[in-house]
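# Breakdown of the fold
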Amino acid sequence: MDITWYLVLSAFVFAIGAAGVISRRNPLVVLLCLELMLNAGNLALVAFSRMHGGEAGQVFALVVMVIAACEVVIGLGIIVAMYRNRLPIDVDEMSELRG
Amino acid sequence: MSATSYGWLVLAFPVAGMLIISLGWRLLPGRLPGWIGTAAIFLAFLASIGALVDLLDHPEEERQLVDSAWTYAATADFSADLAILVDPLSVFMCLVVSGVSFLIHLYSVAYMGGDRGYARYFAYLNFFVFSMLLLVLAANFLILIIGWAFVGAASYLLISYWYQRETAVRAGIKAFVINVIGDVALVVATFLILDHVSSLDFLTVFEGADRAFGDNDGTLIAACLLLLVGAFAKSAQLPLHTWLPDAMEGPTPVSALIHAATMVTAGVYLIARMHPLFELAPTAADVGAIIGCATLLFAGTVALAVTDLKRVIAYSTISQIGYMVMGASIAAYGAGLFHLMTHAFFKALLFMAAGSVIGAMAGIQDMDRMGGFRRAMPFTFITFTVGALALAGFPLTAGFFSKDEIIAYAINRGDWYVALAMLGYVGAFLTAFYAFRMVFRVFLGEAVPEARELEQGHLAHGEPMNPMTGEPEDTDVGFPGPEHHVAERAWSMKAAMGPLALLSIVGGVVAIPGISDILEKFLEPTFEDSRFHDTAPTTGAEVWGLVAGGVISILGIGLAWWVYVREPGTATRLRERFAWLHRFLVNKWYFDELYEAMFVRPAATIGGFSRRVIETEFVQGTIVGGATGIVRVGTSVARAVQTGYLRLYALFLLLGVAALTLYFLITSS
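Since the structure is predicted, the reported quantities are computational estimates derived from the model, not experimental observations.

## Some points on the overall build of chain A
- The helix and strand tally for chain A stands at three helices and zero strands.
- Its C-alpha atoms give chain A a radius of gyration of 17 Å, clearly above 13 Å, the size a compact globule of 99 residues would have.
- Along the first, second and third principal axes, the C-alpha set of chain A runs to 50 × 25 × 25 Å.
- Across the 99 residues in chain A, those meeting the buried criterion constitute 28%.
- By sequence separation, contacts in chain A at least 24 residues apart represent 55% of the contacts at least 6 residues apart.
- For chain A, the accessible area works out to roughly 6,700 Å², and carbon and sulfur atoms hold 71% of it.
- The centroid of the 6 positive side-chain charges in chain A is displaced by 9 Å from the centroid of its 8 negative side-chain charges.

Now the structure itself:
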């Protein structure tokens, strides 16, 4: 089967996600964009899996979803902690690691 | 028990005493540490007697017993053992060292009574006795060097015992540095011998030396000269003598034990022990004899002018060790060791009596301030006079027989050794004069206030101060204690001085020419391989030597009497008449100034230059500064990248992945 369209869509979604991670300052939106990037990857994995007719790609996609869930839990936890401590909800303000 | 078991016991008791005192000092009340230390040394003395008795049971040719506790290192060629050699020489030294040490410990129990560092003092003292016994019992060069270095360390610890006194600390450092020169020489000599004979054991080396070295072999002469440097550093002979007068900064019993009776005679022991090597290298032995002779004259002249009581006795020690070194170097081993023994008796006695006088003077050591203690301190007066008589070689005292025997040997060797003997007689005259200069100035004449007070029953208690600089001191730990002790009031001091006074008079009976030769006979097995058996003077010659020595001694004492008692102003007139000579002698022939200019000043200059230029400019400026500069520049770039913006890191990540992807795409197509 031809997977070109799937890959093009995956690339678009990935690019949108990456642009969001780089340009947005709200951590919630950054997290959303991260999800976009992960799912773009998933889409590509599933598409390749269909093309080759194997299951490995599908299993990988499932694992990535689990990882994504974990990552969202931690990310949201951090955001809630920031909110509770009345810190600004802005990734550019959190720059203590500046050298 | 065998003689070697007794030998191990001799070593074990002082170690046990040291450990008990140094680990348990908090639990030991009052004077208990002193008594423990004294008991340990007394047991060591008993063990030495045990070794002597057992050794005498052996037939004469089997009196050199070696026992090894364990092997440090063993290779194909040689092995280094922890081994002791029990032979007449080492047993003789053990008896002298432990016997005199026991009496001095007994004296210290009372003398150091008021000092806050009481337990520390006795721990050091026991450590010293152990080290000294290890030195004399060593069966190989390795153990000898260990004992040699240990006694140097003990000497340092005890000279600097009052560690808050700056003069004492300086004196300790000086003694240690000069002793280390000797240690290094000894180690290098050992290496030269090991290189040629492939053994460290004394007996093997002495047997193999004949084959390994030719007569007067260059290497052997070098090794023997290095041994002499070691002996001279330890025994305060020219030109390494300057530390001994300064060592008088230590407590008086320490001066008596280490810097008169035992440690400083280690050099004589070394020469006597190494006699098979020195006999193969007569040139080195002659150097030893000449230096010994020069030292005895030099120190005798300085002792005429110095006014510090302890330093006069210190110079007399240097002078007497000069006799011993001369004796041991001209193959008069028995005579040299005989003088070592009698000197240990009367010099320890003189120091003890001097300590009692210094106690009565509340710490003042200057003879110019003393006088008229005869009635106030009768016991000290008698013992000091006995010590001075023996030192002067007054007829029938111990020193009379021993000193003149050395000179008789020198005359009998003939040749230029006769000149050494004549100079020895000059030294004997000086000795008699300065010995009685002390007696007359301290005990006769008008009584000083301290002496009058003591006659009334009050012990003088002046402000505590440093006897060298006159600076006031408190009496806290690290300074001498507040109390002073005199022999008249402390039975243990009397108990220590009494036997020594007796021995100073009758100690000569072990070797009276023509009557008894106990010592010679006893030491025979150690020295039977000597080539110079036939150079021993005949009884007649020895008796003539004794007569000459006795006359010279009486003349010297008489002159001292005339100068200091009959015509009391003579000394002052002479001093004014020969002011330059007096200045020269009081400044100890300017040796300290010479060394200051030759070694200390250049070393300090080089050190200052290194600190200012090499350290500050080169090391800190160029090397350290350059390295930190490079790191700082490098990190400033790395730091600039770390903005802390999450978005920027993500961008870099993406760009990196994109670059990698592009690279693989390009290379794979």
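Additional details are given in the paragraphs that follow.
## Here we look at the interface of chain A and chain B
- Each partner contributes to the interface: chain A provides 14 residues, whereas chain B provides eleven residues.
- Roughly 1,000 Å² of surface becomes buried between chain A and chain B when both sides are summed, with 64% attributable to carbon and sulfur atoms.
- For the pair chain A and chain B, the interface holds one salt bridge.
- Residues Arg647(B) and Asp92(A) are paired through a salt bridge, measuring 2.5 Å at the closest nitrogen-oxygen approach.
- Looking at the side of chain A that touches chain B residue by residue, the class counts come to seven nonpolar, three polar and four charged.

## Some details on the nonpolar core
Residues and elements named next belong to chain B.
- Counting residues in each nonpolar core, the largest one holds 200 residues, and the members touching the most others are Phe128, Leu144, Met274, Leu277 and Phe373.
- When residues in this core are grouped by element, the largest group, 18 residues, is from helix α15 (residues 333-360).
- Setting aside residues no more than four positions away along its own chain, Leu277 makes contact with Ile193, Val205, Phe206, Ala209, Leu220, Cys224 and Leu227.
- The next biggest cluster of nonpolar side chains, apart from the first, holds 20 residues, and it includes Ala289, Leu297, Ile330 and Ala335.

## Some thoughts on a nonpolar patch on the surface
Residue and element names in this part refer to chain B.
- A contiguous nonpolar patch, built from Leu574, Phe578, Trp580, Leu581, Phe584, Trp589 and Tyr590 and spanning about 650 Å² of accessible area, is present on the exposed surface.
- With three residues, the single largest contributor to the nonpolar patch is helix α24 (residues 579-586).
- Here Trp589 shows up in the loop between α24 and α25 (591-641).
- Taking relative accessible area as the criterion, Trp589 reaches 34% and is therefore assigned partly exposed.

## Points about the packing of aromatic side chains
Residues and elements named next belong to chain B.
- Summed over the entire model, instances satisfying the criterion amount to 26 aromatic pairs over all chains.
- Taking 6.0 Å as the distance between ring centres and 5° as the angle between the ring planes, the aromatic pair formed by Phe202 and Phe206 counts as stacked. Separated by four residues within a single helix, Phe202 and Phe206 lie in helix α7 (residues 202-212), roughly one turn from each other. Comparing Phe202 with Phe206, the two get one shared label, buried.
- One aromatic cluster is present, built from ring pairs that chain together Phe298, Tyr315, Phe584, Trp589, Tyr590, Phe591, Tyr595 and Phe599.
- Over the ring of Phe379 we find Lys494, and its NZ or CZ is 5.6 Å from the ring centre.

## A short note on the pattern of salt bridges
Residue and element names in this part refer to chain B.
- Considering all chains together, one arrives at ten salt bridges over all chains under this definition.
- Of the charged contacts in the structure, one is a salt bridge between Lys174 and Asp246, with a shortest N-O distance of 2.9 Å. Separated by 72 residues along the polypeptide, Lys174 in helix α6 (residues 166-197) and Asp246 in helix α9 (residues 243-246) bring together distant segments of the chain.
- Between Arg311 and Glu249 there is a salt bridge, and its shortest N-O distance comes to 3.8 Å. Placement of Arg311 in helix α14 (residues 309-329) and of Glu249 in the loop between α9 and α10 (252-261) is noted, with a sequence separation of 62 residues between them.
- Residue classification places Arg311 among the buried residues on the basis of a relative accessible area of 6%.
- Taking relative accessible area as the criterion, Glu249 reaches 6% and is therefore assigned buried.
- Linked through salt bridges whose partners overlap, the residues forming this network are Lys174, Asp246 and Asp592.

## Let's talk about the packing of helix α1 (residues 3-24) of chain B against helix α2 (residues 32-57) of chain B
Residue and element names in this part refer to chain B.
- One way to put it is that α1 packs onto α2 with a least axis distance of 8 Å and a crossing angle of 175°. Here α1 is positioned roughly antiparallel relative to α2, judged by the angle of their axes.
- Class assignment for the residues of the contact of α1 with α2 results in 17 nonpolar, four polar and one charged.

## Some thoughts on empty space enclosed by the protein
All names here are of chain B.
- Inspection of the entire model under this criterion finds three cavities of 30 Å³ or more.
- Considering the residues around the largest cavity, the lining is formed by Ala392, Gly393, Gly399, Phe400, Lys403, Asp404, Ala428, Gly549, Ile552 and Ser553.
- Of all the elements in the fold, those that place two or more residues in the lining of the largest cavity are α17 (398-413) and α22 (539-566).
- Here the element with the most residues in the lining of the largest cavity is α17; it accounts for four residues.
- Here the second largest cavity is characterised by a volume of approximately 40 Å³.
- Among the elements of the structure, α9 and α25 are those that each provide at least two residues to the lining of the second largest cavity.

## What about unusual backbone geometry?
- In this chain, Leu238(B) is followed by Pro239(B) through a cis amide linkage whose omega measures -5°.
- Assignment of secondary structure puts Pro239(B) in the loop between α8 (218-235) and α9.
- Not every positive phi belongs to a glycine, and Arg86(A) is a case in point at roughly 55°.
- Relative to the helices and strands, Arg86(A) resides in the segment after α3 (56-84).
- On the basis of relative accessibility, which here comes to 75%, the residue Arg86(A) falls in the exposed class.
- Phi angles above zero are rare outside glycine, and Ser198(B) is one such case at about 60°.
- Structurally, Ser198(B) is set in the loop between α6 and α7.
- Residue Ser198(B) is classed as partly exposed on the basis of its relative accessible area of 32%.

Thresholds, definitions, all that
- Residues numbered from 1 in each chain as written.
- Chains lettered and ligands numbered in written order.
- Predicted model: local features only at pLDDT ≥ 70, side-chain atom pairs only at ≥ 80, totals over all residues.
- Heavy atoms only, no water.
- Helix = DSSP H or I, 4+ residues; strand = E, 2+ residues; numbered from the N terminus.
- Rg over C-alpha atoms; globule rule 2.2 N^0.38 Å.
- Buried < 20%, exposed > 50% of the residue type's maximum accessible area, 1.4 Å probe, protein only.
- Contact = heavy atoms within 4.5 Å.
- Areas by Shrake-Rupley, 256 points an atom, 1.4 Å probe, with all protein chains shown as cover.
- Lys, Arg positive; Asp, Glu negative; His and termini not counted.
- Charge placed at Lys NZ, Arg CZ, Asp CG, Glu CD.
- Buried area = accessible area lost by both parts, 1.4 Å probe.
- Salt bridge = Lys/Arg side-chain N within 4 Å of Asp/Glu carboxyl O.
- Nonpolar A, V, L, I, M, F, W, Y, C, P; charged D, E, K, R; others polar.
- Core = buried A, V, L, I, M, F, W, Y, C linked by side-chain atoms within 4.5 Å.
- Patch = residues over 30% accessible without salt bridge, like charges linked within 9 Å, V, L, I, M, F, W, Y side chains within 5 Å.
- Phe/Tyr/Trp six-rings, centres within 6.5 Å; stacked < 30°, edge-to-face > 60°.
- Lys NZ or Arg CZ within 6 Å of the ring centre and 35° of its normal.
- Axes fitted to C-alpha atoms, helices over the stretch in contact; angles between N-to-C directions.
- Parallel < 35°, antiparallel > 145°, perpendicular 65-115°, else oblique.
- 1 Å grid on protein atoms, 1.4 Å probe; cavity = no way out; pocket = protein on both sides within 12 Å on 5 of 7 lines; lining within 4 Å.
- Points joined across faces, edges and corners; volume = space filled by probe spheres on them.

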